[in-house]
Amino acid sequence: MKQIAALPPHAGHQTTAAQAMLAAMAIIGVTDNVVPLMAETMGLGQFYLLRTLVALPILWVLSKMGFGSMMPRRFGAVGLRALLVALSMVFYFSAVALMPIAQALAGLFTSPIIIVVVSVLFMRLRIGMVRVAAVIGGFVGVLFVLQPDVAAFDWLILLPVAGGFFYALGSIVTGTMCKEESTVAMLFIYLLAQGLIGAGLLVAVEIWPLPVGQGADGFVTRGWVWPLWEMSHFILLQGFAAVAGVFLITKAYQLGEASFVAVFEYSVLLVGPAIAWVVFGQVLNLWQMLGIALIVLAGSTLALRSSKGA
């Protein structure tokens, strides 16, 4: 999702930036669909920890190749951002394992809406009617996709929305406190936070064991499981995605105009559900398709209008 723009955009770089973002969303759209398969036998804590252990050596190689230092300039700011984003992914990956990916992504993509709301309420941002309408339209779109049952409300649908909330806070910290940090440093501290959270979850379920459901229903409460070799190819894929996806997203925002690049980020709302339809047979109804369209329209409008301050 939206990262910093450390370099001034150049007209000749716009196409490359868009291609980098599309590639990142393709990686995420494919690899996030693997999570439900891993959730059948693995727990969230183990998934999070192993993802980090695979990703860190890849990141170290990138650092040695000259892509940036792994040490941040302001550890406190980068650490806060990492914690917020890592927490957001705990909720998001839990949602991906337990519900159709279109619903999980819809909840996560409430973050641009939440950023605007938080900025208005706490940072005294003044916005025009266009962005007000975009926030309302995006919220309606999320409801269309999640389709909450008022008569029998399931709190599970709030998992991806919680992910979107923490991601929004992380994005605000990124834009206000981490502008001078390198991509590699921010990713390194994020991976450390992710690994520590994963280890913490594993310890917690050992000390305070909870009922473990069958298959993906036990993803959140399941502890460490053996053997690993059956999942090794998926674990390696997740480690690669953790580095490649975030690196391409950040590079896209470094090369291109942020408001232009952000529009292409919404391609994951098409890629993810499309893969889920082909592989798992997850079908969207007409209202959910309309909801995704509203989310894309609202998010693109907020991105484009933010550059104009209107």
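Residues numbered from 1 in each chain as written. Predicted model: local features only at pLDDT ≥ 70, side-chain atom pairs only at ≥ 80, totals over all residues. Heavy atoms only, no water.

**Q** How would you summarise the overall build of the protein chain if you had to cite specific residues and measurements?
**A** Within the protein chain, the regular secondary structure consists of 13 helices and 0 strands. Moving toward the C terminus, one meets the helices and strands of the protein chain in the order α-α-α-α-α-α-α-α-α-α-α-α-α. The globule rule puts the C-alpha radius of gyration for 310 residues at 19 Å, and the 19 Å found for the protein chain is close to it. In terms of its C-alpha atoms, the protein chain occupies a principal-axis envelope of roughly 55 × 55 × 35 Å. In the protein chain, which comprises 310 residues, the share counted as buried stands at 52%. Look at the contacts in the protein chain between residues 6 or more apart in sequence, and 88% of them connect residues 24 or more apart. (Helix = DSSP H or I, 4+ residues; strand = E, 2+ residues; numbered from the N terminus. Rg over C-alpha atoms; globule rule 2.2 N^0.38 Å. Buried < 20%, exposed > 50% of the residue type's maximum accessible area, 1.4 Å probe, protein only. Contact = heavy atoms within 4.5 Å.)

**Q** Mind laying out unusual backbone geometry, listing which residues take part and the relevant values?
**A** If a residue is not glycine, its phi is most likely negative; likewise, a peptide bond is most likely trans. Here the amide bond leading from Trp 226 into Pro 227 is cis, since omega sits at -5°, within 30 degrees of zero. Here Pro 227 is to be found in the loop between α9 (183–207) and α10 (232–255).

**Q** Break down the packing of helix α5 (residues 101–108) against helix α7 (residues 129–146) for me, with residues and values.
**A** Here α5 crosses α7 at 160°, and the two axes come no closer than 9 Å. As judged from the angle between their axes, α5 and α7 are roughly antiparallel. α5 and α7 meet at a crossing whose hand is left-handed. Contacts from Ala 102, Gln 103 and Ala 106 of α5 reach α7 at Val 142, Val 145 and Leu 146. Partitioning the contact of α5 with α7 into residue classes produces 5 nonpolar, 1 polar and no charged. (Axes fitted to C-alpha atoms, helices over the stretch in contact; angles between N-to-C directions. Parallel < 35°, antiparallel > 145°, perpendicular 65-115°, else oblique. Left-handed = near helix turned anticlockwise from the far one by under 90°. Nonpolar A, V, L, I, M, F, W, Y, C, P; charged D, E, K, R; others polar.)

**Q** Just give me the short version of helix α3 (residues 44–67), but keep the residues and values in it.
**A** Taking 1.5 Å as the rise per residue, α3 with 24 residues should run 34 Å; its terminal C-alpha atoms sit only 30 Å apart, a clear shortfall. The largest bend along α3 reaches roughly 25° and is located at Ala 55, with the proline Pro 57 sitting one to four residues downstream. Downstream of α3 by one or two residues, Gly 68 has phi in the positive range, about 140°. (Expected span 1.5 Å × (residues − 1). Bend = angle between axes of the 7 residues up to and from the residue.)

**Q** A description of the packing of helix α4 (residues 75–98) against helix α8 (residues 158–177) should follow, citing residues and the corresponding values.
**A** Where α4 meets α8, the axes come as close as 8 Å, and the angle between the chain directions of the two elements is 160°. Between α4 and α8, the angle falls in the class roughly antiparallel. As for how α4 packs across α8, the hand of that crossing is left-handed. For the pair α4 and α8, contact is made by Ala 77, Leu 80, Arg 81, Leu 84, Val 85, Leu 87, Ser 88, Met 89, Phe 91, Ser 94, Ala 95 and Leu 98 and by Leu 159, Pro 160, Ala 162, Gly 163, Phe 166, Tyr 167, Leu 169, Gly 170, Val 173, Thr 174 and Met 177, respectively.

**Q** Would you mind going over the confidence of the model for the protein chain in detail, with residue names and values included?
**A** Looking at the protein chain as a whole, the pLDDT averages 85, with 93% of positions reaching at least 70. Considering only residues more than four positions removed or in separate chains, one finds that residues 2–9, a stretch of pLDDT under 50, has 27 contacts. (pLDDT = per-residue confidence, 0-100.)

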